[in-house]
Amino acid sequence: MTPVPFALQRRCIAASVAFLYLLLPACYDPKFTDGTQKCGPGGACPSGLVCGPGNFCFHPGALPPVRDLSTVGDMAAALDMAQCSQATCGGDTPICDPDSGQCVPCVLDSHCPGGQICKGKQCVAGCSQSHGCADGGGYCDVDAGACRGCKSDTDCGDAESPRCDLSTGICAACQPANDNCPTDQYCVASNGNWQCQPGCKTDDDCNAIAGADGGIGDGGDTFGDGGPFGDGGAIDGGAPRRALSCCAHQCVDLTADASNCGKCGGACPNGNTCCAGSCADTANDPANCGRCGATCSGKNAMWQCANSACAITMCVGDFQDCNVNPADGCEVDVATDPGNCTGCGKVCSLANASPACVGGCVVATCDTGFIHCDNNPNDGCEIHDAVDVGNCGACNNACPPVANGVAGCLMGKCGIATCDDGFMHCGPNINTGCETHIAGDVNNCGGCNAACGRVANGTAACVMGACTIGSCAPSFAHCDPKNLSGCETNIATDNANCGKCGVVCGMGTTCTNGACVAACANQIVDSPEFLCVPAGKSYPLSGDHCYSQQAIINGTLTVTAGASLVLRSPTITVGVGGVIAADAAGQAGGLPGGVASQGGHPGAGPGAGCAGGPGSAVGQGGSGGGNGGSGGSAHPYQGSGMCDRCDLPTIYHCWGTPGAINGTPDQTDVAQGSGGGAGGNSSGCTNAGGRGGAGGGSVLLLGKTVKIDGVISAAGEQPPPDQSPCGYHPGGGGGSGGTVAVRADALTGAGSLVAPGGKGGTALGQNNDWGWSGGGGGGGRVKIFAPTDQFSGVVAASAGAGGTPSCAGGYCYTANPGASGTTSRTGTIPQTWLTIGCGGF
């Protein structure tokens with residue numbers, strides 16, 4: 001028993017006894033290997049060892065010492081010599097005998113080589129039905145259990161060695177005299193026995209082996225086009241079929257093999273090449289130059305072969321080798337080739353021409369549009385006859401001169417190239433040249449047939465090729481550069497261009513017969529351009545009027561009763577002392593009743609005042625009209641209530657309701673003032689009440705520059721007292737103020753813009769007692785719309801006072817006043833008044 005090294009014992013014994021079995025593999029010492037280390041899971045051992053008897057690790061082939069480690073600490077137990085495994089057997093005893101547990105040479109016949117059988121666990125000479133002789137060792141005599149030498153092929157039953165070598169009695173793969181090798185092999189002695197090796201036996205084998213003949217066309221994919229079985233013939237583009245010959249068991253082409261050229265063993269000397277079965281020096285042979293069949297030949301040349309390359313020794317006639325390529329010989333005839341005319345590389349290049357070579361470069365044909373006129377071949381087709389005025393369409397065909405221009409040639413035809421400044425060719429005949437003076441011809445101004453249009457109040461002219469105004473008719477001129485219609489300005493009457501463009505007539509003057517004269521001096525003028533009301537003159541006017549130049553009111557412009565006035569002009573002036581009067585020009589006042597002991601009639605308009613009732617004996621006063629402010633009512637008689645009706649009330653002791661407010665304070669509505677109501681009749685009397693006052697009219701000024709130093713008034717009326725011979729004569733209501741409105745880009749002046757309500761009518765009474773006066777009219781409206789507002793005068797719409805009785809005692813009462821109207825001033829011009837009409841504004 002081999003002792004365990006002390007170091008290993010000390011390491012392993014120190015481990016826990018309970019885990020010794022598991023820890024032994026971990027205590028492996030490479031100096032102590034065989035039979036000392038347990039195999040791991042699945043028989044795993046360290047590298048170079050195998051798992052052996054007792055599940056221990058051993059070197060392969062070593063006698064396995066088996067140790068009983070079942071008892072911990074028994075490290076010197078005897079080795080078990082009666083155990084083996086196939087893994088531990090080898091060498092001359094490769095088999096583990098299960099009976100003895102020892103490694104032996106054999107247990108079965110199959111453990112022995114051919115020609116031997118297993119007896120007594122040893123391999124001895126012999127054979128059996130199942131275990132024959134060694135390869136080439138003859139045949140097995142089963143009855144004798146011994147190998148015998150073969151006497152014929154029938155004794156050789158092995159498919160790998162089917163032939164009997166009678167000289168040795170050994171079965172072989174083949175025999176030279178009876179060569180049964182495949183067509184691509186032949187029989188040859190090898191290692192003392194006959195074997196089939198690659199190679200041919202006869203010429204027929206070569207053709208059968210090759211299948212094809214190696215033609216140039218071989219290598220395609222179908223028969224007949226150079227496929228694997230093509231013949232390389234004309235059908236697949238290859239060379240004719242060539243037979244191969246068997247020389248020294250190798251298939252060779254006697255037409256190309258330098259070692260077997262023309263016959264087997266016919267080697268070409270001096271490194272020559274076999275070409276078509278004959279040896280050739282391809283370095284110098286013109287028929288096989290560089291390779292077999294490469295013949296030195298080419299047109300128009302004489303050849304030689306030198307250093308395996310064809311070379312031209314001489315060209316024939318006018319031919320030369322210009323591309324230095326012997327393959328095509330002397331390819332260029334330098335006597336006729338324009339690219340190599342009289343020599344290689346001498347290219348004929350002629351301007352605008354196709355050249356030819358005839359002993360030198362000449363013009364063959366000219367390009368389109370060019371001709372050859374000077375017979376000098378070196379400059380080609382030098383004339384562009386499509387545009388050359390000296391050779392237009394043909395040599396020496398010069399174009400004639402052009403009047404007022406320059407001649408030209410276009411597409412080979414003579415014509416006009418350019419015209420002088422200010423001239424054009426407009427006529428049908430080209431021979432007239434540039435005959436039209438477009439710089440000054442009104443019918444061809446700036447271009448042919450470009451006639452200048454009609455000039456209003458004048459005649460056209462052409463200046464520098466542009467249409468303009470030649471002259472204006474008397475009293476007319478072209479002053480507005482934006483207006484291209486002609487002589488648009490009447491300088492005889494235009495205040496901005498009086499007598500000539502740019503002469504402006506000053507304020508207070510007007511243009512008359514081309515001169516600025518004082519305006520509004522003596523007479524009233526009302527024309528489309530100008531309105532003039534001189535100082536001390538009065539002129540009635542109503543409706544909508546537009547003056548293209550100016551409106552001046554230094555006198556009195558009265559608005560017709562019941563109508564309105566709209567005045568439009570770029571400049572409106574109301575001078576000091578000037579008046580636009582629309583007083584009492586609005587809605588009519590009510591009339592007294594036509595029946596005794598009944599009330600009067602109300603006024604007209606949306607804010608009309610109501611009439612007074614009859615009372616028991618004394619008629620009541622009428623109410624004032626309303627517009628910007630409501631009208632006032634009469635004083636009640638002895639505290640009696642207000643009537644519930646306005647038209648002819650029959651209830652005694654009533655007075656009419658006040659006129660209502662009408663319209664808007666700052667919009668574009670321009671309304672007339674409403675009338676006051678009439679007073680009621682006294683008992684027993686007809687038409688004994690005073691009538692109502694008329695409302696103020698309406699005045700609208702629309703201008704760019706407006707100056708007001710005078711008065712524009714739209715006052716309501718104070719009605720006159722009743723003068724009938726009967727009754728107590730009650731007063732009617734005052735009319736409401738009307739409307740004054742001004743729209744101006746710039747407003748100046750220090751005058752007055754007023755629309756007051758009228759005072760109530762006076763009650764005369766009877767015997768100076770029992771007098772009821774009328775209510776005051778409401779104030780009207782004054783509206784100013786001017787971005788530039790520098791007006792410093794009076795702007796008012798005051799209320800009318802209540803009427804006063806004239807009696808000294810008794811039932812005599814002052815009526816109630818109306819309410820004040822409204823005034824407004826804004827810098828924004830309403831949209832509807834941005835464009836206000838005539839005169840270009």
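For clarity, every value in this text was computed on a predicted model and none was experimentally measured. (Residues numbered from 1 in each chain as written. Predicted model: local features only at pLDDT ≥ 70, side-chain atom pairs only at ≥ 80, totals over all residues. Heavy atoms only, no water.)

### Here's the deal with the overall build of the protein
The cut-off we apply is this: Secondary structure elements follow DSSP: runs of H or I no shorter than four residues count as helices, runs of E no shorter than two count as strands, and numbering proceeds from the N terminus. Working definition: with a 1.4 Å probe on protein chains only, accessible area under 20% of the residue-type maximum means buried, over 50% means exposed, and in between means partly exposed. The contact criterion used is simple: two residues touch if any of their non-hydrogen atoms lie within 4.5 Å.
Along the backbone of the protein there are 3 helices and 50 strands. For the protein, the proportion of its 841 residues judged to be buried stands at 40%. The long-range share in the protein, meaning contacts at least 24 apart out of those at least 6 apart in sequence, stands at 45%.

### Quick look at the packing of aromatic side chains
For clarity, the cut-off: Here the aromatic set is Phe, Tyr and Trp, taking the six-membered ring for Trp, and pairing holds for ring centres within 6.5 Å; pairs whose planes are under 30 degrees apart are stacked, those over 60 apart are edge-to-face, and all others are tilted.
Taken as a whole and judged by the stated rule, the model has 2 aromatic pairs. Measuring from ring centre to ring centre gives 5.6 Å for Trp772 and Tyr813, while their planes differ by 50°; the resulting arrangement is tilted. Of this pair, Trp772 sits in strand β45 (residues 771–772) while Tyr813 sits in strand β49 (residues 812–813), and the two are 41 residues apart along the sequence. Overall, Trp772 belongs to the buried group, its relative accessible area being 0%. With a relative accessible area of 26%, Tyr813 lands in the partly exposed category. Between Phe785 and Trp833, the ring centres sit 5.4 Å apart and the planes meet at 80°, which makes this aromatic pair edge-to-face. Linking Phe785 in strand β46 (residues 781–785) with Trp833 in the segment after β50 (822–826), this pair joins segments that are 48 residues apart in sequence. This pair shows no difference in class: Phe785 is buried, exactly as Trp833 is.

### Brief notes about unusual backbone geometry
A positive phi is found at Val324, a non-glycine position, where the angle reads about 50°. In this structure, Val324 sits in the loop between β19 (319–320) and β20 (332–333). Of note in the backbone geometry, Met464 takes a positive phi value of approximately 55° without being a glycine. Counting through the fold element by element, Met464 comes out in the loop between β27 (458–463) and β28 (466–472).

### Quick look at the nonpolar core
To keep it simple, the criterion reads: For our purposes a nonpolar core is just a set of buried Ala, Val, Leu, Ile, Met, Phe, Trp, Tyr and Cys residues, chained together by side-chain atoms within 4.5 Å.
Among the nonpolar cores identified, the biggest contains 31 residues, and Ile580, Leu701, Ile708, Ile712, Leu747 and Leu753 are the most heavily contacted of them. Among all residues touching Leu753, those that are not within four sequence positions of it are Ile708, Ile712, Val740, Val742, Val782, Ile784, Phe791, Val794, Val795 and Ala796. In terms of nonpolar packing, the next biggest core, distinct from the first, is built from 8 residues, Val566, Leu700, Ile829 and Ile836 among them.

### Thoughts on the state of the cysteines
Heads up, the condition is: The term disulfide is used for any two cysteine sulfur atoms that are within 2.5 Å.
Evaluated as defined, the whole model comprises 32 disulfides. Each disulfide pairs two cysteine sulfurs, and for Cys174 the partner residue is Cys187, the sulfurs being separated by 1.9 Å. On the sign convention where negative means left-handed, the S-S torsion of about 90° between Cys174 and Cys187 marks this disulfide as right-handed. Of this pair, Cys174 sits in the loop between β10 (170–172) and β11 (185–190) while Cys187 sits in strand β11, and the two are 13 residues apart along the sequence. Residue classification places Cys174 among the buried positions, given a relative accessible area of 0%. The side chain of Cys419 participates in a disulfide bridge whose partner is Cys434; the two sulfur atoms lie 1.9 Å from each other. Because the sign of the S-S torsion sets the handedness, a value of about -80° for the bond joining Cys419 and Cys434 places this disulfide among the left-handed ones. Residue Cys419 is found in strand β24 (residues 413–419), and its partner Cys434 is found in the loop between β25 (423–424) and β26 (436–437); the two are separated by 15 residues along the sequence.

### Let's talk about a nonpolar patch on the surface
Basically, it comes down to this: Patches were defined on residues exceeding 30% relative accessible area and lacking a salt bridge, with like-charge contacts within 9 Å and nonpolar side-chain contacts (Val, Leu, Ile, Met, Phe, Trp, Tyr) within 5 Å. All accessibility values rest on the Shrake-Rupley procedure with a 1.4 Å probe; residue burial counts only the protein chains present in the view. Salt bridges are identified by distance alone: a Lys or Arg side-chain nitrogen within 4 Å of an Asp or Glu carboxyl oxygen.
A cluster of nonpolar side chains, contributed by Met302, Met314 and Val316, occupies part of the molecular surface with about 270 Å² of accessible area. Accessibility expressed as a relative area gives 45% for Met314, which makes it partly exposed.

### Details of the pairing of strand β34 (residues 530–533)
Formally: A strand pair is defined by DSSP finding two or more bridges across the two strands.
Neither face of β34 is left uncovered, since the one carrying Phe530 and Cys532 and the one carrying Leu531 and Val533 both have all their residues buried. Sheet topology places strand β33 (residues 525–526) next to β34; 2 bridges connect them, and they run antiparallel. For Asp526, the partnering residue across the bridge sits in β34 and is Leu531. In this antiparallel pair of consecutive strands, β33 and β34, the connection spans 3 residues. Here β34 runs beside strand β37 (residues 550–553); their pairing, made up of 4 bridges, is parallel.

### Examining the pattern of salt bridges
Evaluation of the coordinates by the stated rule reveals 7 salt bridges. Put simply, Arg743 and Asp745 hold a salt bridge, and the shortest N to O gap is 3.0 Å. What makes Asp745 partly exposed here is its relative accessible area of 29%. One salt bridge in this structure joins Asp789 and Arg825, with 2.9 Å as the shortest N-O distance. Of this pair, Asp789 sits in strand β47 (residues 788–789) while Arg825 sits in strand β50, placing them 36 residues apart in sequence. Accessibility expressed as a relative area gives 42% for Arg825, which makes it partly exposed.

### Some details on the environment of Cys448
Residue position: Cys448 is located in the loop between β26 and β27. The partly exposed category is assigned to Cys448, whose relative accessible area is 28%. C-alpha separation for the pair Cys448 and Phe423, spaced 25 residues apart in sequence, amounts to 9.6 Å. Ignoring sequence-local partners within four residues, the contact set of Cys448 consists of Met424, His425 and Cys426.

### Notes on the confidence of the model for the protein
To keep it simple, the criterion reads: The quantity known as pLDDT measures the predictor's confidence residue by residue, on a range of 0 to 100.
In the predicted model, the protein carries a mean pLDDT of 81, and 83% of its residues have values of at least 70. Across residues 63–82, confidence stays below pLDDT 50; counting only partners more than four residues off in sequence or on other chains, it has 41 contacts. Of the regions scoring below 50 in pLDDT, residues 210–239 engages in 50 contacts with residues more than four places distant in sequence or in other chains.

### Some thoughts on the sheet that holds strand β48 (residues 794–796)
So the rule is basically this: Note on method: axes are straight lines fitted to C-alpha atoms, helices fitted across the in-contact stretch only, with angles between N-to-C directions ranging 0 to 180 degrees.
One open sheet holds the 6 strands; their spatial order is β35-β38-β40-β42-β44-β48, and the pairing between them is parallel. Either end of the sheet is taken by a strand with one partner, and the two such strands are β35 (538–540) and β48. Adjacent strand axes in the sheet meet at a mean angle of 10°, parallel and antiparallel pairs treated alike. Bridge analysis of strand β44 (residues 752–754) against β48 gives 3 bridges, and the strand direction is parallel. Opposite Val754, over in β48, you have Ala796 as the bridge partner.

### Some words on the side chain of Asn681
Heads up, the condition is: Here a polar contact means two N or O atoms within 3.5 Å. Within protein one must be a hydrogen donor candidate and the other an acceptor candidate, and residues neighboring in sequence count only if both atoms are side-chain atoms.
Along the chain, Asn681 falls in the loop between β40 (579–581) and β41 (698–708). What makes Asn681 buried here is its relative accessible area of 0%. At a separation of 3.0 Å, a polar atom in the side chain of Asn681 contacts the main-chain carbonyl oxygen of Gly593. Engagement of the side chain of Asn681 in a polar contact is seen with the backbone nitrogen of Gly689, the distance being 3.4 Å.

### Some words on the environment of Asn340
For Asn340, the location among the structural elements is in the loop between β20 and β21 (353–357). Along the sequence, Asn340 and Cys322 sit 18 residues apart, while their C-alpha atoms lie 8.0 Å from each other. What Asn340 contacts, discounting residues up to four positions off in sequence, is Cys322, Val332, Val334, Gly345 and Lys346.

### A word on the side chain of Asp722
Our working definition: The charge count includes Lys and Arg as positive and Asp and Glu as negative, but it does not include His or the ends of the chains.
For Asp722, the location among the structural elements is in the loop between β42 (711–713) and β43 (739–748). Of the side chains with opposite charge, Arg691 comes closest to the buried, unpaired Asp722, at an N-O distance of 9.6 Å. A polar side-chain atom of Asp722 sits 2.9 Å from a polar atom in the side chain of Ser724. Only 2.8 Å separates the side chain of Asp722 from the side chain of His729, close enough to count as a polar contact. Not counting the four nearest positions on each side in its chain, Asp722 is found in contact with Asn687, Ala688, Gly689, Gly690, His729, Pro730 and Leu764.

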